[in-house]
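Reading the structure
One letter stands for each residue in the lines below.
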Amino acid sequence: MSFAQHGDVKIAYETFGPPDGEPLLLMMGLTFQMIWWPDGFCRKLADRGFAVARFDNRDAGLSTHFADAPGTTGRALTARDGGPAYRVDDMVGDAVAVLDDLGWSSAHLLGESLGATLAQLVAIHHPSRVRSLVSAMAGGTGGALSNLRNLKIGTLLRLATKRYDNTREGDVRRLVDTYLLMCSRRHPIDEEWVRATAEASIDRDQDPGGTHRQLAAARTATNLRAQLRRLQTPTLVIHGEDDPWIRLRAARTLAKTIPGARLTTYPDMGHEFPEHLWATIAADVWDNAQAATTAPAPEHT
């Protein structure tokens, strides 16, 4: 385990694969920790030739938490509780700090969900640091509510998890249920891995307020459509056709917005990277990275 420093914030990260491989930074979504990037998937990426790094966003896992900052409850989402503890730009800076600590002048980025939006922002604001971009399970062109496949998903999550008491076991079961609700049921799910990862997550992070603070930060992102239209980074947009959270049309719109972006969809994938697709997705990410070797270097506009 290593830590990058961004001001007063420490960002925990770890690496897989050969140090001299193509640098690839994995960026996780809302509230989930880096260990939800499955080790097996990270190794598939490393086998392709990537030097892989994954990290805990601030307010998740072993990175710095803001439990004593304003904006620690759901009221922060409407800016009635002192405003957000930090902004989405701060989370973007965390990713750049990890690149700096690794000694990577530039890297390929793979982001999922909120992590995809953060990866888009790194490419927008720090184009010289990004060799290629893979945006998974996300939109990025505004209209967040219209991108949601099921407006009642939050209610479903609460109903599925509120029956558990406030014990370690209850916390684990809530997290397991939350993850399973994001999965497609069109493929087998390794529930032993889900349970083990949930247990490890609870043991690494006892702060339940991080989700609200990350959500409040995400609200500070503006509509990126105009900026994405100027993006020169080789981009792949990937999406699960069985994603219960984000509509497929959000991915299609994103791919049409970014010049030269390609869209790849997987019929039996939800808001997750299922094991049977690890090798396929790793190959797709590698192919997009190779496209960067023939693309002109991006310029800041």
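Up top is the structure these notes are about.
Everything in this summary refers to the structure shown in the same document. (Residues numbered from 1 in each chain as written. Predicted model: local features only at pLDDT ≥ 70, side-chain atom pairs only at ≥ 80, totals over all residues. Heavy atoms only, no water.)

Describing the packing of aromatic side chains
Taken as a whole, this structure holds 11 aromatic pairs when the rule is applied. Note on Trp37 and Phe41: the rings are 6.3 Å apart at their centroids and 15° apart in plane angle, and the pair reads as stacked. Look at Trp37 and you get buried, because its relative accessible area is 0%. Here Phe66 and Tyr86 contribute two aromatic rings whose centre-to-centre distance is 4.9 Å and whose plane-to-plane angle is 55°, an arrangement assigned as tilted. With Phe66 in the loop between strand S4 (50-55) and helix H2 (88-102) and Tyr86 in the loop between S4 and H2, the pair connects residues that are 20 residues apart, well separated along the chain. For the residue pair Phe66 and Tyr86, the accessibility class agrees, reading buried in each case. Three or more aromatic residues joined by ring pairs make a cluster, and in this case those are Phe32, Trp36, Tyr179 and Trp193. Residue placement shows Arg58 over the ring face of Tyr86; its charged tip is 5.0 Å from the ring centre. (Phe/Tyr/Trp six-rings, centres within 6.5 Å; stacked < 30°, edge-to-face > 60°. Buried < 20%, exposed > 50% of the residue type's maximum accessible area, 1.4 Å probe, protein only. Helix = DSSP H or I, 4+ residues; strand = E, 2+ residues; numbered from the N terminus. Lys NZ or Arg CZ within 6 Å of the ring centre and 35° of its normal.)

Concerning helix H8 (residues 210-218)
Every α-helical turn comprises 3.6 residues, leaving residues that sit three or four positions apart pointing alike. Every buried residue of H8 is listed here: Gly210, Arg213, Gln214, Ala216 and Ala217. Taken around the axis of H8, the buried residues stretch over an arc of 160°, which confines them to a single face. Turning to H8, the residues buried within the fold contact H2 and helix H3 (114-125). (Arc of directions from axis to C-beta. Contact = heavy atoms within 4.5 Å.)

Structural notes on the pattern of salt bridges
Taken as a whole and assessed by the stated rule, the structure comprises 13 salt bridges. In this structure, the salt-bridge partner of Asp242 is Arg186, at a minimum N-O distance of 3.7 Å. Of this pair, Asp242 sits in the loop between strand S7 (235-240) and helix H10 (248-257) while Arg186 is found in the loop between helix H6 (168-182) and helix H7 (191-204), placing the two residues 56 residues apart along the sequence. Residue class for Asp242 comes out buried when judged on its relative accessible area of 17%. If you follow the salt bridges from partner to partner, you end up with Glu14, Asp39 and Arg54 in one network. (Salt bridge = Lys/Arg side-chain N within 4 Å of Asp/Glu carboxyl O.)

Some remarks on the environment of Ala196
As for its placement among the helices and strands, Ala196 is situated in helix H7. Accessibility expressed as a relative area gives 42% for Ala196, which makes it partly exposed.

Comments concerning a nonpolar patch on the surface
On the surface, Met1, Phe3 and Leu62 cluster together into a nonpolar patch covering about 280 Å² of accessible area. Summarising the element assignment, Met1 is placed in the segment before strand S1 (2-6). (Patch = residues over 30% accessible without salt bridge, like charges linked within 9 Å, V, L, I, M, F, W, Y side chains within 5 Å. Areas by Shrake-Rupley, 256 points an atom, 1.4 Å probe, with all protein chains shown as cover.)

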